Amino acid sequence: MAIQANDRTKRQRVIDTLKTFGLDASAVWDCHGTPVIYHWACERIGAKMGIQFDAPQLIDQNTAQKVVTILVTGRKGERSEWAFGEVTPNNCKNAYPWAMAEKRAKDRVILKLANLSGEVYSEEESDDFKRPTPSERTEP
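Notes on the structure in this doc start here. Values in this document were obtained by computation on a predicted structure and should not be read as measured data.

### Looking at the environment of E124
Tracing the backbone shows E124 in the segment after β7 (121-122). For E124, a relative accessible area of 7% puts it in the buried group.

Here it is, written out as structure tokens:
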């Protein structure tokens, strides 16, 4: 049986993993059953792990149309992971497509290397993952 995003076992597994990086449940929130992690928390995980990033590879660009796709590779020891960061007007309303593409790609790589991919999603994945106000926040 697949574990649902709101399943207590999965929530606890995410929180336990975050603790190994000096983070707690405040680094994530529940967005309609999907655990979402803040970008700053991904950055801290990457720094604690000592992830080294290669220079990004440009796949597609049209700054005037706010279309950017980059490929990012990160390394931790012998292990490496890669991910695309893509931005189009269809998936991002942010005024800074290059920065958003980088955040999305790096967060995806960090979550893969931290063995959290598929367990929790970066807040940068979707405009639908809006930052909740403190009164809206719930633990994952």
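### Focus: the side chain of T73
Among the structural elements, T73 can be located in strand β5 (residues 67-76). Owing to a relative accessible area of 14%, T73 belongs among the buried residues under this scheme. With near-sequence residues (within four places) excluded, T73 lies in contact with Q52, F53, D54, S80, E81 and W82.

### A short note on helix α2 (residues 39-49)
Side chains that are three or four residues apart share a direction in an α-helix, a result of its 3.6 residues per turn. For α2, the complete set of buried residues consists of H39, A41, C42, I45, G46 and M49. One side of α2 carries all its buried residues, which in axial view fall inside an arc of 160°. Turned more than 90 degrees away from the buried face of α2 sit A47 and K48, all of them exposed. Downstream of α2 by a residue or two, G50 has a phi angle that is positive, lying close to 70°.

### Regarding the nonpolar core
Judged by nonpolar contacts, the single largest core of 32 residues is most densely connected at L18, I37, I45, M49, L116 and V120. Ranked by residues supplied to this core, first place goes to helix α3 (residues 97-113) with seven residues. M49 has contacts with F21, K76, L113 and A114, leaving out every residue within four places of it along the chain.

### As for unusual backbone geometry
The phi dihedral of K66 is positive, around 60°, even though this residue is not glycine. Among the structural elements, K66 can be located in the loop between β4 (57-62) and β5. Its identity is not glycine, yet N115 carries a phi of approximately 60°, on the positive side. Residue position: N115 is located in the loop between α3 and β7. According to the relative accessible area criterion, N115 is exposed, its value standing at 57%.

The rules we used
Residues numbered from 1 in each chain as written. Predicted model: local features only at pLDDT ≥ 70, side-chain atom pairs only at ≥ 80, totals over all residues. Heavy atoms only, no water. Helix = DSSP H or I, 4+ residues; strand = E, 2+ residues; numbered from the N terminus. Buried < 20%, exposed > 50% of the residue type's maximum accessible area, 1.4 Å probe, protein only. Contact = heavy atoms within 4.5 Å. Arc of directions from axis to C-beta. Core = buried A, V, L, I, M, F, W, Y, C linked by side-chain atoms within 4.5 Å.

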